[in-house]
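Residue-level structure breakdown
These are the residues of each chain, in order.
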Amino acid sequence: MPFFIALSLAFSFIVQSASPLQSLLGSSTFNYIGIALAAGSIVGILLKKLPTQIWYDVFASGALLAWFGYWKPLFYDDSPIFFFYPLYFAFMAAFVSLFFIQKCQVIDYETFCYMKSFSDGNKLPPWLVMTGVLVSLALHQHYLLFPIMMTLLIIRFALASCIEQHLTNRS
């Protein structure tokens, strides 16, 4: 999720430096753009026209845009969540990418079969996690729900990426 990581770091920098871009990014236009990107990626992941990594990246970036656009006017200007949440998302996504997804080739066949059955068994389908992230956007009074759902989305991304990478390596 390179675009999501870059966008998260950019949001942290913009908020920390008190940039005038905050008012632009906090507008309802970016909220609607983010929701449209997120909804479009849910449809895209169901249709499976592009690799899932792209859809996860588009969804996470759209959800971050929508979160900032919707939540920024509801909180104080110097609220620390607008600096720490994007920073947490960037580090979490980078950590998962570096230490789990890049090490997927060492997964044994039994573990891979278990991961694949978990993923294919629709025990935690990506569209359900993505919908949960979007629902958590509307619940701003439960401000910890959004980062929890984004963490679950990043974990689901790692699972899907490991499975795809393992399948392409075996081919």
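Anything mentioned here points back to the structure above.
This one's a predicted model, so the numbers in the text were calculated from it and none came from an experiment. Within each chain, residues carry numbers counting from 1 in the order of the written sequence. Since the coordinates come from a predicted model, pLDDT governs what is reported: local features require at least 70, and pairs of side-chain atoms require 80 or more to be given and counted, while whole-chain, interface and lining totals use all residues. As a convention, hydrogens and water are excluded, and side-chain values are obtained from all of the structure's heavy atoms.

The next subject is the overall build of the protein chain. Per the secondary structure count, the protein chain includes eight helices and zero strands. Starting at the N terminus, helices and strands are each numbered in turn, a helix being any DSSP run of H or I of at least four residues and a strand any DSSP run of E of at least two. Helices (α) and strands (β) of the protein chain occur, in sequence order from the N terminus, as α-α-α-α-α-α-α-α. Taken against the 2.2 N^0.38 rule, which gives 16 Å for 171 residues, the C-alpha radius of gyration of the protein chain at 17 Å falls within 12% of a compact globule. Here the C-alpha coordinates of the protein chain stretch approximately 50 × 25 × 25 Å along the principal axes. Burial classes: relative accessible area under 20% of the type maximum marks a residue as buried, over 50% as exposed, and values in between as partly exposed (1.4 Å probe, protein chains only). Every one of the 171 residues in the protein chain was classed for burial, and the buried ones make up 45%. Any pair of residues with heavy atoms lying within 4.5 Å of one another is described as a contacting pair. If you take every contact in the protein chain between residues at least 6 apart in sequence, the share linking residues at least 24 apart comes to 78%. Where accessible areas are quoted, they stem from the Shrake-Rupley method and a 1.4 Å probe; at the residue level, only the protein chains shown are allowed to cover. Carbon and sulfur atoms make up 71% of the accessible area of the protein chain, which amounts to about 9200 Å² in all. Residues counted as positive are Lys and Arg, residues counted as negative are Asp and Glu, and His and the chain ends are not counted. Charge positions are represented by NZ for Lys, CZ for Arg, CG for Asp and CD for Glu. On the protein chain, the mean spot of the 8 positive side-chain charges and the mean spot of the 7 negative ones are 9 Å from each other. Here the globule rule is a power law, 2.2 Å times the number of residues to the power 0.38, and the radius of gyration is based on C-alpha atoms.

In this section: the packing of helix H4 (residues 52–71) against helix H7 (residues 126–138). At a minimum axis distance of 10 Å, the contact between H4 and H7 shows a crossing angle of 10 degrees. By the angle between their directions, the pair H4 and H7 is classed as roughly parallel. Along its contact with H4, which presents Trp55, Tyr56, Phe59, Ala63, Ala66, Trp67, Tyr70 and Trp71, the element H7 presents Pro126, Met130, Val133, Leu134, Ser136, Leu137 and Ala138. As a rule, the C-alpha atoms of each element are fitted with a line to give its axis, helices using only the stretch in contact, and angles between N-to-C directions run from 0 to 180 degrees. Each angle receives one of four descriptions, namely roughly parallel if under 35 degrees, roughly antiparallel if over 145, roughly perpendicular if within 65 to 115, and oblique otherwise.

Membership of the largest hydrophobic core comes to 43 residues, with the highest contact counts inside it found for Phe4, Trp67, Met150 and Leu153. Among the elements that line this core, the one with the most residues is H4, at eleven residues. Filtering out sequence-adjacent residues up to four positions away, Trp67 remains in contact with Lys72, Ile81, Phe82, Tyr85, Pro86, Leu137 and Phe146. For our purposes a nonpolar core is just a set of buried Ala, Val, Leu, Ile, Met, Phe, Trp, Tyr and Cys residues, chained together by side-chain atoms within 4.5 Å. Counting six residues, the second-largest nonpolar core is a separate cluster that includes Cys104, Phe112, Cys162 and Ile163.

Another aspect to go through is the packing of aromatic side chains. Note on ring pairs: Phe, Tyr and Trp rings are taken, using the six-membered ring of Trp, and paired if centres are within 6.5 Å. Classes follow the plane angle, with under 30 degrees stacked, over 60 edge-to-face and the rest tilted. Summed over all chains, the structure comprises 15 aromatic pairs. Each ring, one from Trp71 and one from Phe146, has its centre 6.1 Å from the other, and the planes form 50 degrees; the classification is tilted. Pair noted here: Trp71 is in helix H4 and Phe146 is in helix H8 (residues 145–170), with a separation of 75 residues, a long-range link. The two residues Trp71 and Phe146 agree in class, both being buried. Judged by centre distance (6.3 Å) and plane angle (45 degrees), the ring pair of Tyr85 and Phe89 falls under tilted.

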